[in-house]
Amino acid sequence: MKISYKDAGVDIDAGNSFVDRIKPYVKETFNKNVVGGIGSFAGAFRLPSGYKKPVLLSATDGVGTKLKLAIDAKKYDTVGIDLVAMCVNDLICNFGEPLFFLDYYATGKLDIDAASKVVKGIAKGCKEAECALIGGETAEMPGMYSKDDFDLAGFAVGIAEEDDLNPKVKENDILLALPSSGIHSNGYSLVRKLFFEKLNKSFDEDFDGKKLIDVLLTPTRIYVKEFKKLKDKINALAHITGGGIIENLPRVLPENLKAVVEKDKVYKYRVEGDKIENISDSEDNKGENKSRSTNRKRKK
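Since the model is a prediction, treat every value here as computed from it, not as a measurement.

## Section: the overall build of the protein chain
Logical step 1: Helix and strand counts for the protein chain come out as eight helices and twelve strands.
Logical step 2: Expressed as a percentage of the 300 residues in the protein chain, the buried residues total 37%.
Logical step 3: Approximately 17,600 Å² of the protein chain is accessible, and the part contributed by carbon and sulfur atoms is 51%.

## Structural notes on the nonpolar core
Buried together is how nonpolar side chains tend to be arranged in soluble globular proteins.
Logical step 1: Judged by nonpolar contacts, the single largest core of 55 residues is most densely connected at V84, F101, V118, I122, F150, L152 and I222.
Logical step 2: Looking at this core element by element, the count peaks at nine residues for helix α3 (residues 79-92).
Logical step 3: Not counting residues up to four positions away in its chain, the partners in contact with V84 are F101, I122, G125, C126, A129 and I222.
Logical step 4: In terms of nonpolar packing, the next biggest core, distinct from the first, is built from eight residues, L99, F100, V157 and I159 among them.

## Considerations on the confidence of the model for the protein chain
Any region with low pLDDT has predicted coordinates that should not be read closely.
Logical step 1: Residues with a pLDDT of 70 or more make up 89% of the protein chain, whose mean pLDDT is 87.
Logical step 2: At the level of individual helices and strands, the protein chain shows its lowest average pLDDT in strand β12 (residues 292-294), which scores 37, and its highest in helix α4 (residues 112-129), which scores 98.

## Comments concerning the sheet that holds strand β5 (residues 132-140)
Logical step 1: With mixed pairing, four strands are arranged side by side in an open sheet as β3-β6-β4-β5. Each edge of the sheet is formed by a strand with only one pairing partner; in this case those strands are β3 (54-61) and β5. Between one strand and the next, the sheet's axes are offset by a mean angle of 15°, whatever the strand orientation.
Logical step 2: As paired strands, β3 and strand β6 (residues 150-161) are joined by eight bridges and run antiparallel to one another.

## Examining the environment of K201
Logical step 1: Following the sequence through the fold, K201 ends up in the loop between α5 (188-198) and β7 (206-207).
Logical step 2: Taking the C-alpha atoms as reference, K201 lies 9.9 Å from I213; in sequence the two are twelve residues apart.
Logical step 3: When neighbours within four sequence positions are excluded, K201 is seen to be in contact with F195, F196 and L212.

## Overview of the environment of K68
Logical step 1: Positionally, K68 belongs in helix α2 (residues 66-73).
Logical step 2: Classification of K68 as partly exposed rests on a relative accessible area of 31%.
Logical step 3: Separated by 81 residues in the primary sequence, K68 and D149 place their C-alpha atoms 7.9 Å from one another.

## Considering the packing of aromatic side chains
Logical step 1: As enumerated under the stated definition, the model contains eight aromatic pairs in all.
Logical step 2: Ring geometry for F18 versus Y105: centroids 6.5 Å apart, planes at 40°, classification tilted. With F18 in helix α1 (residues 12-27) and Y105 in strand β4 (residues 97-107), this pair connects stretches of sequence that are 87 residues apart.
Logical step 3: With centroids separated by 6.1 Å and ring planes inclined at 75°, the aromatic side chains of F195 and F207 adopt a geometry described as edge-to-face. With a gap of twelve residues between them, F195 in helix α5 and F207 in strand β7 connect regions that are remote in the sequence. We note that F195, like F207, is buried.
Logical step 4: Of the aromatic side chains, those joined through ring pairs into one cluster are F18, Y76, Y105 and F150.

Criteria and cut-off values
Residues numbered from 1 in each chain as written. Predicted model: local features only at pLDDT ≥ 70, side-chain atom pairs only at ≥ 80, totals over all residues. Heavy atoms only, no water. Helix = DSSP H or I, 4+ residues; strand = E, 2+ residues; numbered from the N terminus. Buried < 20%, exposed > 50% of the residue type's maximum accessible area, 1.4 Å probe, protein only. Areas by Shrake-Rupley, 256 points an atom, 1.4 Å probe, with all protein chains shown as cover. Core = buried A, V, L, I, M, F, W, Y, C linked by side-chain atoms within 4.5 Å. Contact = heavy atoms within 4.5 Å. pLDDT = per-residue confidence, 0-100. Pairing = 2+ DSSP bridges. Axes fitted to C-alpha atoms, helices over the stretch in contact; angles between N-to-C directions. Phe/Tyr/Trp six-rings, centres within 6.5 Å; stacked < 30°, edge-to-face > 60°.

Here is the structure:
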């Protein structure tokens, strides 16, 4: 009795077709430092010149349960951008300029159309982050995931000057909050609980003039270009992800300083009972952000 991979739920031909489908997207991200093409056992990248004490930085992340919303809505074109953003936005917090990116796509049964849209989004994110997509892995694992489910992981490598790695925050530095594109890619277990269990919202319901699902799946903003343009004027960067401002901002502060954040000038919405209120235009939310550092010990 013969049994094949396909009998076991793994379609090798579909995997090969998928690779052929995504090749044009991947090649669009290549630059002069990419060595070789698609299909080798490892991606190769030539180190850029011009650094005095170059250090390689690495970051890895996923999209979390935002991916579940994308799967339920069958909207796959934005989560790839999220994947890149979550990794490269970490790199720049250590003053690293992204060089290249790799992705991991795991599923129970490969859907070529859905997976291609995801990778197209990854390529779009790489172009926005000015890095090359030089490798990836697609794992079809029957029994590990339900029919339509899949998971993503991303890996980014960047380069920095060793002397730039440590934050240089000083007393009376100005703290600025760069605008987000939305919720980004953290806290979606709470988001889903709030909108779809507590508030009983639907995907197509209007939210500030857009479908709610489109608002929630707005891709995470990539800040690489802004960083490159302004890095000589920046003393430190904090990526506000899981744990929020309270846990992430102190990671770049010296022991003798704390930051004062005027939170009413940072947030756009607040939840009041069963309603979500837009506070961006309210009187207590107007004016310049005057957050600053102060010379006081943090409690431990």
